[in-house]
Amino acid sequence: MSTPLAQVYFVEPWWVQIIKSLVIFGVAFGVLPVLVVYERKLLGRFQNRYGPNRVGPFGLLQPMAEIVKFALKEPFRTETSVAYLFRIAPMIAMLTAIAGLALVPFGDVQHIFGRPIGLYGIDVSIGPLYVFALAGISFYGIMLGGWSSGSKYSFLGAMRGAAQLISYEVSQGLSLVGVIITAQTLSLTGIVHAQAGMWYVIPQFVGFIIFLVASFAETNRAPFDLVEADAELVGGYFTEYGGTPFVAYLFAEYMNMIVVSGIATTVFLGGWLLPFGIHPPGWVDPIVVIAKMMLFFTFFIWVRATLPRLRYDQLMSFGWKILLPLATVNLLVTAVIVGSR
Amino acid sequence: MSPGYDPGADVIQVVRSPAPGPVAGAYRAFGETLRGLKTTFARVVEGPTTIQYPEEKTPVYPRFRGRHRLHRFEDTGLEKCVGCSLCAAACPADCIRVVAAENTPENRVSAGERYAAVYEINMSRCIFCGYCEVACPFDAITMGHDYELSDYTRSDLIFTKEMLLAEPVERTPLRTEGE
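To start, this report covers the structure provided alongside it.

1. A look at the overall build of chain B
Item 1. Regarding its fold elements, chain B presents four helices and five strands.
Item 2. The order of helices and strands in chain B, counted from the N terminus, is α-β-α-β-β-α-β-β-α.
Item 3. Radius of gyration (C-alpha) of chain B: 29 Å, far over the 16 Å computed for a compact globule of 179 residues.
Item 4. Judged by the C-alpha coordinates and their principal axes, chain B covers about 95 × 55 × 35 Å.
Item 5. Counting all 179 residues of chain B, 15% fall into the buried class.

Take a look at the structure:
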């Protein structure tokens with residue numbers, strides 16, 4: 001089916017789409033608190049301690065307690081804030097983060113109840129472009145949140161965040177272009193199918209590293225978390241937020257991490273494919289994808305436990321002087337090799 | 001430092017490699033990052049060193065100065081304290097109150113002539129210096145090992161003679177040799 005914006009490769013009836021989106025949304029939303037407690041417990045292990053283990057069995061109910069605490073907070077805003085933007089900004093951040101999940105393929109087309117269903121939100125001909133477009137919009141969530149708070153500190157935090165996101169989006173995009181040239185398709189399922197022989201992490205290793213580093217910056221994770229910099233700033237652009245809007249920003253950050261892990265899994269780690277010619281039945285595919293995503297998530301936490309936060313000028317010079325030239329060279333080399341074949 | 005000071009042999013020359021350029025710097029940063037990742041992962045392998053406090057208690061050394069204890073003679077069961085108030089006199093925080101009374105043949109409490117009718121230690125004032133222990137001529141008061149001394153009201157922190165004479169409900173673990 002061809003629409004004005006993009007070509008949809010696998011067309012399904014509208015009610016299947018709605019059910020699928022609800023399932024993906026529900027699973028991702030249910031997984032978020034688990035990821036939060038997983039991160040805290042793992043961070044504890046990296047520091048010779050247990051992490052939260054008091055609420056519920058093994059501390060698994062910790063995020064529930066925190067959510068209840070945040071939900072019961074008084075909704076407040078500063079007198080100088082712009083009310084409607086102040087309320088909309090966290091929603092934008094959250095919405096763009098969730099919308100990115102639509103393209104992550106969790107498996108190929110499977111027959112569920114005798115009906116072929118693609119185990120992904122939608123398979124379109126603009127895969128990575130859609131993701132980058134949403135990343136571009138998510139920047140409004142940060143920018144509007146910081147600006148509409150009516151506090152100069154939030155505004156400065158938003159400026160820092162915006163500058164960082166813009167700088168690293170370029171490198172992130174360029175690192176994916178190398179893969180797209182190799183795979184000759186913009187469909188994310190197509191990219192997975194193109195990796196049947198070899199995952200792109202091997203031929204595109206430099207691109208993989210660049211994507212990884214840029215993803216840390218894009219999701220505002222350590223060592224590039226100077227957008228929020230909890231130790232030296234109060235909280236960057238969400239300083240004035242409390243209660244549920246604050247949780248919305250937090251959820252957006254974790255959802256962004258899930259999406260980035262999903263994209264990296266799809267593009268570099270062969271999605272649902274397994275190495276050594278293992279072909280499990282179709283229902284294993286989502287498990288494989290989620291396991292690979294968890295691998296990425298664990299690495300995110302590992303790096304957070306290891307690396308200290310960069311200085312702002314280091315961040316900028318690293319992004320523009322090292323990462324971007326490296327991504328460009330990687331792209332050019334890939335283009336020359338693919339073109340000469 | 002005097003103006004004519006010659007550092008001479010005191011100076012230690014530190015040999016440093018030249019500052020790396022952008023490529024070498026990036027390469028070195030990458031290697032150091034991997035080394036850092038290895039370091040933090042070794043912490044996971046080590047496992048947590050946390051003591052789960054309310055369930056697990058930190059063992060104390062034998063000479064740890066915790067909550068005071070009053071003692072009796074083991075054979076006769078009489079109190080060692082004779083109510084001389086030397087502990088109260090030695091106490092820099094002034095937290096001990098002793099009221100002495102005469103022993104009578106019908107009511108014999110201590111081994112000496114007199115006994116402590118009232119013996120109170122205000123734990124909210126005590127600084128656990130151990131001077132009372134040193135001052136006591138009969139070793140009637142010693143510093144115990146208990147350190148869990150919180151309560152909801154200040155008056156609950158005034159320990160009476162009966163409380164100080166009684167065995168502690170929960171024993172604090174003692175550190176073993178070489179621990």
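There is more to say after this.
2. Describing the packing of helix α3 (residues 83-99) of chain A against helix α4 (residues 127-148) of chain A
Residues and elements named next belong to chain A.
Item 1. Their axes nearest at 8 Å, the elements α3 and α4 cross at an angle of 160°. The angle between α3 and α4 places the two elements in the roughly antiparallel class. At the point where α3 passes α4, the crossing takes the left-handed sense. Here L85, F86, I88, A89, P90, I92, A93, T96, A97 and A99 of α3 come into contact with α4, specifically with L134, I137, S138, Y140, G141, I142, L144, G145 and S148.
Item 2. For the contact of α3 with α4, the per-class residue count stands at 14 nonpolar, five polar and no charged.

3. Here we look at the nonpolar core
Item 1. Core analysis: the largest hydrophobic core is formed by 86 residues, its most contacted members being A93(A) and M255(A).
Item 2. By residue number, the principal contributor to this core is helix α8 (residues 243-268) of chain A, which donates 16 residues.
Item 3. Discounting chain neighbours no more than four positions away, the residues touching M255(A) are A28(A), L32(A), A97(A) and I98(A).
Item 4. Core analysis: the second largest hydrophobic core is formed by 19 residues, C81(B), V82(B), C87(B) and C95(B) among them.

4. A closer look at helix α1 (residues 14-46) of chain A
Item 1. Between its first and last C-alpha atoms α1(A) spans 46 Å; for 33 residues at 1.5 Å apiece the expected length is 48 Å, and the two agree.
Item 2. Along α1(A), the largest kink reaches about 30° and is centred on L32(A); proline P33(A) follows within four residues of it.
Item 3. Packing partners of the buried residues in α1(A) comprise α2 (62-71), α8 and α9 (285-306) of chain A together with α1 (22-46) of chain B.

5. Topic: the packing of α8(A) against α9(A)
Residues and elements named next belong to chain A.
Item 1. It is at 9 Å that the axes of α8 and α9 come closest, and there the two elements cross at 120°. Taken together, the axes of α8 and α9 are oblique relative to one another. Considering only the axes of α8 and α9, their crossing is right-handed. Contacts between α8 and α9 involve M257, I258, S261, G262, A264 and T265 on the former and, on the latter, V289, K292, M293, F296, F297 and F300.
Item 2. Considering only residue class, the contact of α8 with α9 consists of eight nonpolar, three polar and one charged.

6. A word on the sheet that holds strand β5 (residues 158-159) of chain B
Residue and element names in this part refer to chain B.
Item 1. Overall, antiparallel pairing links the three strands, which are arranged β2-β3-β5 in an open sheet. In this open sheet, the two edge strands, each paired with only one partner strand, are β2 (96-102) and β5.
Item 2. Note: strand β3 (residues 114-122) against β5, two bridges, orientation antiparallel. Bridged to I121 within β5 is F159.

Conventions and cut-offs
Residues numbered from 1 in each chain as written. Chains lettered and ligands numbered in written order. Predicted model: local features only at pLDDT ≥ 70, side-chain atom pairs only at ≥ 80, totals over all residues. Helix = DSSP H or I, 4+ residues; strand = E, 2+ residues; numbered from the N terminus. Rg over C-alpha atoms; globule rule 2.2 N^0.38 Å. Buried ≥ 20, exposed ≤ 12 C-beta atoms within 10 Å, placed from the backbone. Axes fitted to C-alpha atoms, helices over the stretch in contact; angles between N-to-C directions. Parallel < 35°, antiparallel > 145°, perpendicular 65-115°, else oblique. Left-handed = near helix turned anticlockwise from the far one by under 90°. Contact = placed C-beta atoms within 7 Å. Nonpolar A, V, L, I, M, F, W, Y, C, P; charged D, E, K, R; others polar. Core = buried A, V, L, I, M, F, W, Y, C linked by C-beta atoms within 7 Å. Expected span 1.5 Å × (residues − 1). Bend = angle between axes of the 7 residues up to and from the residue. Pairing = 2+ DSSP bridges.

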